[in-house]
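Letter by letter, the chains look like this.
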Amino acid sequence: MNPGIYVHIPYCSSKCHYCDFNSYALGQARTEPYVRALLREIERTAAEVKTESRFETVFFGGGTPTMCSGEQLVRILNALRSSYDLSPEAEITTEANPGTVTLEQLAQLRQGGFNRISFGVQSFDNALLRSIGRIHTDRQAEEAVALAREAGFANINVDLMFGLPGQALPAFGETLDRAFELDVPHLSIYGLIVEEGTAFGRWHEQGKLDLPDDSLEREMYDLVLEQTAEYGYEQYEISNFAKPGFRCAHNQVYWRNEPYLGFGAGAVAYWNGVRRTNCLLPGEYVRRMREVVSLSIEEERLDPRDALGESLMLGLRMMDGVDIDALSQRFGLDVRFLYAAHLRRMTELHLLESDGSRMRLTREGLPLANEVWAGFIGGG
Ligand code: SF4
């Protein structure tokens, strides 16, 4: 197993209307105390979690990590290098908002060891970008990708969304075309989920959100599958598409339910079978680090049955699927026996298929993945 490291930067310029991530519109001024707290957490955890593991992936997410300066992000990465054995070939990603990057910052990141960058673009339709609360324009997104290339990044991801309020199929098709023109090696393309506690969640309750219906959303997803294949992207996960050799290694750590350390406010770590979540608010995080108090607000040791169910759910997101014999062995439980009825039903409905011990979603199963996963939660 190749463990990963996640670092959370919870700052954003403003809050996007759909966003339920642990992120706050706090501005850049507050980042330095937070960065210092992160450095202390990295050092403190290294003293607590003695590990010989070599880490193959590091991912800075948020929030908007590029609200921090290049120097700050590189300082955090260097602290990780001093405390842990990072593989020389490790994939080191930062998320970035096209509205917050400069060439100088990107060059600093590249020189400091970051080798992958993931831009939250979401759409190339400026009216739509404004209506979902994004701070950048289509041109800024294109410029950001160009700047990243100029700074030496070859491994670039662009995030897009579909199923947005008022979004029509031709408009989404144009956004896809613009993304293909950028010719980046990785695309993550997600359908909108309206989450409680977000601006969209409130507007939806008030009946103010003009969401595409299920069939239009399905057409959008079909367009994604058709066109990504046409442009030479391989679908390797429900929402992720890569040119050969550019799959995101870090996300595969999550989908394979492999261990990872997590640093920062709200960060989750999954280590030695225990899932631990840090306190959410950046101010509280800084205070707890200063007062040398535990950061943890939730700690859960997953029993083998729950861990197996989660591994099936996560693993089936990948087009390679899961090796059910290997999972049975890993958790000491027999997948074929435990989930016999559910597996039979899903196979009869052509939502799941298997080839020896490898099991995966079918093309028909992709948009109905929730139904398949439901059977792995809490029973067969
Ligand atoms: S930039 Fe990303 S993390 Fe920040 S509010 Fe928007 S979606 Fe959320």
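Quick caveat: nothing in here was measured; it's all calculated off a predicted structure. (Residues numbered from 1 in each chain as written. Predicted model: local features only at pLDDT ≥ 70, side-chain atom pairs only at ≥ 80, totals over all residues. Heavy atoms only, no water.)

Peer 1: Teacher, can you tell me more about a nonpolar patch on the surface here?
Peer 2: A surface patch of nonpolar side chains, about 260 Å² in accessible area, is lined by Leu-280, Leu-281 and Ile-297. One can find Leu-280 in the loop between strand E11 (274–278) and helix H10 (282–290). For Leu-280, a relative accessible area of 40% corresponds to the partly exposed category. (Patch = residues over 30% accessible without salt bridge, like charges linked within 9 Å, V, L, I, M, F, W, Y side chains within 5 Å. Areas by Shrake-Rupley, 256 points an atom, 1.4 Å probe, with all protein chains shown as cover. Salt bridge = Lys/Arg side-chain N within 4 Å of Asp/Glu carboxyl O. Helix = DSSP H or I, 4+ residues; strand = E, 2+ residues; numbered from the N terminus. Buried < 20%, exposed > 50% of the residue type's maximum accessible area, 1.4 Å probe, protein only.)

Peer 1: What should I look at first to understand the site of the ligand in this one?
Peer 2: In the vicinity of the ligand, the residues found are Cys-12, Ser-14, Lys-15, Cys-16, Tyr-18, Cys-19, Phe-21, Ser-23, Gly-63, Thr-64, Asn-97 and Arg-134. A breakdown of the residues in the shell around the ligand according to their chemical character gives 5 nonpolar, 5 polar and 2 charged. (Near = heavy atom within 4 Å. Nonpolar A, V, L, I, M, F, W, Y, C, P; charged D, E, K, R; others polar.)

Peer 1: Got a minute to help me understand the packing of aromatic side chains in this structure?
Peer 2: The relation between two aromatic rings is expressed through the spacing of the ring centres and the mutual angle of the planes. Tallied over the entire structure, the rule returns 16 aromatic pairs. Ring plane angle 55° and centroid distance 5.8 Å describe the contact between Phe-200 and Trp-203, whose orientation is recorded as tilted. You can see Phe-200 and its partner Trp-203 sitting in helix H7 (residues 199–205), 3 residues apart, about one turn around the helix. Residue classification places Trp-203 among the partly exposed residues on the basis of a relative accessible area of 29%. Both rings, one in Tyr-260 and one in Tyr-270, keep their centres 6.2 Å apart while their planes meet at 55°; by these two values the pair is tilted. With a gap of 10 residues between them, Tyr-260 in strand E9 (residues 260–263) and Tyr-270 in strand E10 (residues 268–271) connect regions that are remote in the sequence. (Phe/Tyr/Trp six-rings, centres within 6.5 Å; stacked < 30°, edge-to-face > 60°.)

Peer 1: What is the right way to read unusual backbone geometry from this model?
Peer 2: Across the chain, the bulk of peptide bonds are trans and the bulk of non-glycine residues have phi less than zero. With an omega of 15°, the peptide bond running from Gly-62 to Gly-63 counts as cis. The residue Gly-63 is located in the loop between strand E2 (54–62) and helix H2 (70–83) in this model. The residue Gln-122 is not glycine, and still its phi comes out positive at about 70°. Here Gln-122 is to be found in strand E4 (residues 116–122). Unusually for a residue other than glycine, His-350 sits at a positive phi of about 60°. Counting through the fold element by element, His-350 comes out in the loop between helix H14 (340–348) and strand E14 (352–355).

Peer 1: What is the right way to read the domain arrangement of the chain from this model?
Peer 2: Frequently, the measure chosen for interface size is the accessible area that the parts lose on association. Splitting the chain by domain gives domain 1 (4–254) and domain 2 (305–374). Listed per partner, the contact involves 11 residues of domain 1 and 11 residues of domain 2. Summed over both partners, the interface of domain 1 with domain 2 comes to about 980 Å²; 56% of that surface belongs to carbon and sulfur atoms. Applying the counting rule to domain 1 against domain 2 returns 3 salt bridges. For Asp-222, the salt bridge goes to Arg-363, with nearest N and O atoms at 3.0 Å. Counting the contacts that link domain 1 with domain 2 gives 5 residue pairs in polar contact (both at pLDDT 80 or more). Only helix H8 (214–230) and strand E7 (234–237) provide two or more residues apiece to the side of domain 1 that touches domain 2. Residue composition of the side of domain 1 that touches domain 2, by class: 5 nonpolar, 2 polar and 4 charged. (Domains from an automatic or database assignment. Contact = heavy atoms within 4.5 Å. Buried area = accessible area lost by both parts, 1.4 Å probe. Polar contact = N/O pair within 3.5 Å; in protein donor to acceptor, adjacent residues only side chain to side chain.)

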